[in-house]
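The residues making up each chain are set out below.
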Amino acid sequence: MNRIIGSLKSAVFAAAFLLCFPFFAQAQADTYEVFAIKFAGTDKQFYEAEWASGGGKDVPVPISFMFWLLKGKNGRNILVDAGFMPEKVKEEEFFKIAGYVRPDSALLKMGVKPGAVSDIILSHPHWDHLGGVALFPNATLWMQKDDFDGFVGAAWQKDGRKGGFAPSDVRMVIDLNLAGRLSLVAGDNQEILPGVKVFTGSKHTYDSQYVMVNNGREKVVIASDNIWIYYSLDHLTPPSPGGTTDPQGYVDAIKRMKTLVSDPKYILPGHDSRVFEKFPAAAPDVAAIR
């Protein structure tokens, strides 16, 4: 009798496992290895107050230019932002760009070829986050609709807000749309790809977005320029003037990010080099977010 009961228990367990396995497998497939990839630095010394309201005027802050790679168990290679091309614009001269590596070359450090990038999630259309999209010929670009409308339309009207926007990038985005490689996101809290959600609220541009994924152990929020540096994350302060059209909304977005993760460590600012000190190196100038 005990042998029969044991066999029945094993059969029930096996049946339950088979029923649940698709759900476990799908959950595993919707996780991503997350990497921050630095592709440029600066020869200019910046200070906290230049990036965050309330920051120290004499406190140095290390600045980098970076994008993020999401390597999915489902075979997708997703970028969050794509860096920029080495075209001379006034912003590059202001930042005194140093140590530039073209984003597609920087990505090769992780064994990912440009043609293998399936998607690029654009946090916002400033020159240093958008220009590199042209390097990835098979990728679909994901962009907030309100950001798109502002970027290609309102920004270029009289008194429009076009700071940080490059006309050549506008033409590129329009061409991507004509080619069927642009997907517009309609608002906040949207799962745009399996296991990848985007959120809005900081108004860094017309409607900038940030990204949340699961790395298999933790939820990770890629804030990009919805948080410029760790000072704003740590002190709940808006950026320096000009960094948002809605300072309170920017702070509210940071507060919300903190509810999405188990530890604020897993919220990644857009330009603070210290992310490469907080996480282990996967390759030179690449941090594994785990």
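Residues numbered from 1 in each chain as written. Predicted model: local features only at pLDDT ≥ 70, side-chain atom pairs only at ≥ 80, totals over all residues. Heavy atoms only, no water.

Now for unusual backbone geometry. A negative phi angle is the norm for most residues apart from glycine, just as the trans form is the norm for most peptide bonds. The backbone of Asp 159 shows a phi angle near 65°, a positive value even though the residue is not glycine. Following the sequence through the fold, Asp 159 ends up in the loop between helix 5 (145–152) and helix 6 (167–178). Of the residues examined, Asp 159 reaches a relative accessible area of 72% and is grouped as exposed. (Helix = DSSP H or I, 4+ residues; strand = E, 2+ residues; numbered from the N terminus. Buried < 20%, exposed > 50% of the residue type's maximum accessible area, 1.4 Å probe, protein only.)

Our next topic: the sheet that holds strand 10 (residues 190–193). Reading across the sheet, the 5 strands line up as 10-11-12-13-14 and stay open at both edges, with mixed pairing between neighbours. Every interior strand has two partners, whereas the edge strands, strand 10 and strand 14 (267–269), have only one. Along the sheet, successive strands turn relative to each other by an average axial angle of 30°, direction set aside. Sheet topology note: the strand 12 (residues 209–214)/strand 13 (residues 219–224) ladder contains 4 bridges and is antiparallel. The partner of Val 213 across the bridge, within strand 13, is Val 220. Sitting on the sheet, helix 8 (residues 247–260) touches strand 11 (196–200), strand 12, strand 13 and strand 14, and the angle it makes with strand 12 is about 5°. (Pairing = 2+ DSSP bridges. Axes fitted to C-alpha atoms, helices over the stretch in contact; angles between N-to-C directions. Contact = heavy atoms within 4.5 Å.)

Our next topic: a positive patch on the surface. A contiguous patch of positive charge on the surface is contributed by Arg 217, Lys 265, Lys 278 and Arg 290. For Arg 217, the position within the fold is in the loop between strand 12 and strand 13. (Patch = residues over 30% accessible without salt bridge, like charges linked within 9 Å, V, L, I, M, F, W, Y side chains within 5 Å. Areas by Shrake-Rupley, 256 points an atom, 1.4 Å probe, with all protein chains shown as cover. Salt bridge = Lys/Arg side-chain N within 4 Å of Asp/Glu carboxyl O. Lys, Arg positive; Asp, Glu negative; His and termini not counted. Charge placed at Lys NZ, Arg CZ, Asp CG, Glu CD.)

Worth remembering: the numbers are spatial, not functional.
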